[in-house]
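Observations on the three-dimensional arrangement
Letter by letter, the chains look like this.
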Amino acid sequence: MADDGLGGLLRGNLPGHWQRIESGLTGGGIPDMNYCIDGIEGWVENKQTQGWAVRMRPDQIGWIFKRTLNGGRVWIAVRRKHEELWLVPGSLVRVLASEGLRNLEVDTWTGGPRQWDWSAIQKRLVGPSPRVQLPPPSSR
């Protein structure tokens, strides 16, 4: 499974309405899942890795960056070595794609799905989402 079962784990352990998105060629880059929990809607792109690098397609990076830039709530959930869950805000998608997980300071849970703090994960998904901060345009 491409996401190591992460989509099913999220849907099975968190409340709300979860919808897997299969956009194919009609909507390049759209994340794997959309959710609505307590009236708060967001998107999750599910990834897996055995190391530190996380493969992201350019259309995924672009979609996530643009949505986050416009105030959307997007997360990249990375299951590392089957036992770790890294929850990366969409505002860090470019850093994640270029540098991987190693130096990111984001919420991480270890010990496998049975030990992950699902209530903390839920709070993170519905809490304030960090936005992309762009430098002001240079004056020429």
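Computed from a predicted model, the values in this text were never measured in an experiment.

**Points about the environment of Ser119**
- Residue placement: Ser119 occurs in helix α4 (residues 118–126).
- You can call Ser119 partly exposed: its relative accessible area is 44%.
- When the C-alpha atoms of Ser119 and Pro15 are compared, they prove to be 9.8 Å apart, with 104 residues separating the residues in sequence.
- Here Asp117 takes part through its side chain, which lies 2.8 Å from a polar atom of the side chain of Ser119.

**Thoughts on the sheet that holds strand β4 (residues 74–80)**
- Read across the sheet, 6 strands follow the order β1-β2-β3-β4-β5-β6 without closing on themselves; strand pairing throughout is mixed. Only two strands of the sheet have a single partner each, and these edge strands are β1 (17–20) and β6 (107–109). Going from strand to strand, the sheet's axes swing by 25° on average, the running direction of each strand aside.
- Both strand β3 (residues 40–49) and β4 contribute to a ladder of 7 bridges, which runs parallel.

**Some details on the packing of aromatic side chains**
- Taken as a whole and assessed by the stated rule, the structure comprises 4 aromatic pairs.
- Residues Trp43 and Trp63 carry aromatic rings whose centres are separated by 5.3 Å and whose planes lie at 70° to one another, so their mutual orientation is edge-to-face. Linking Trp43 in strand β3 with Trp63 in helix α2 (residues 58–69), this pair joins segments that are 20 residues apart in sequence. Comparing Trp43 with Trp63 shows no difference in burial state: the two are buried.
- Note on Trp116 and Trp118: the rings are 5.6 Å apart at their centroids and 55° apart in plane angle, and the pair reads as tilted.
- Since its relative accessible area comes to 3%, Trp116 is described here as buried.

**Re unusual backbone geometry**
- If you check the backbone angles, Lys81 has positive phi at about 50° while not being a glycine.
- The residue Lys81 is located in the loop between β4 and β5 (84–89) in this model.

**Some points on the pattern of salt bridges**
- If you walk through the whole model with that rule in mind, you get 6 salt bridges.
- For Asp59, the salt bridge goes to Arg57, with nearest N and O atoms at 3.0 Å.
- Residue classification places Asp59 among the partly exposed residues on the basis of a relative accessible area of 31%.
- Arg80 is the salt-bridge partner of Glu84, the closest N and O atoms lying 3.0 Å from each other.
- Using a relative accessible area of 5% as the deciding quantity, one classes Arg80 as buried.

**Let's talk about the pairing of β3**
- β3 sits mainly inside the fold: 7 of its 10 residues count as buried.
- In this sheet, β3 lies alongside strand β2 (residues 33–37) in antiparallel orientation, the contact comprising 5 bridges. Residue pairing for β3: Asn34 is matched across the bridge by Trp43.
- At this point the chain moves from β3, through α2, to the parallel β4, and the crossover so formed is right-handed.

**Some words on the environment of Ala120**
- Residue placement: Ala120 occurs in helix α4.
- Taking the relative accessible area as the measure of exposure, Ala120 reaches 25% and is therefore partly exposed.
- Note: C-alpha distance between Ala120 and Asp107 (13 residues apart in sequence) is 9.3 Å.

Rules behind the numbers
Residues numbered from 1 in each chain as written. Predicted model: local features only at pLDDT ≥ 70, side-chain atom pairs only at ≥ 80, totals over all residues. Heavy atoms only, no water. Helix = DSSP H or I, 4+ residues; strand = E, 2+ residues; numbered from the N terminus. Buried < 20%, exposed > 50% of the residue type's maximum accessible area, 1.4 Å probe, protein only. Polar contact = N/O pair within 3.5 Å; in protein donor to acceptor, adjacent residues only side chain to side chain. Pairing = 2+ DSSP bridges. Axes fitted to C-alpha atoms, helices over the stretch in contact; angles between N-to-C directions. Phe/Tyr/Trp six-rings, centres within 6.5 Å; stacked < 30°, edge-to-face > 60°. Salt bridge = Lys/Arg side-chain N within 4 Å of Asp/Glu carboxyl O. Right-handed = clockwise from strand over helix to strand, strands pointing away.

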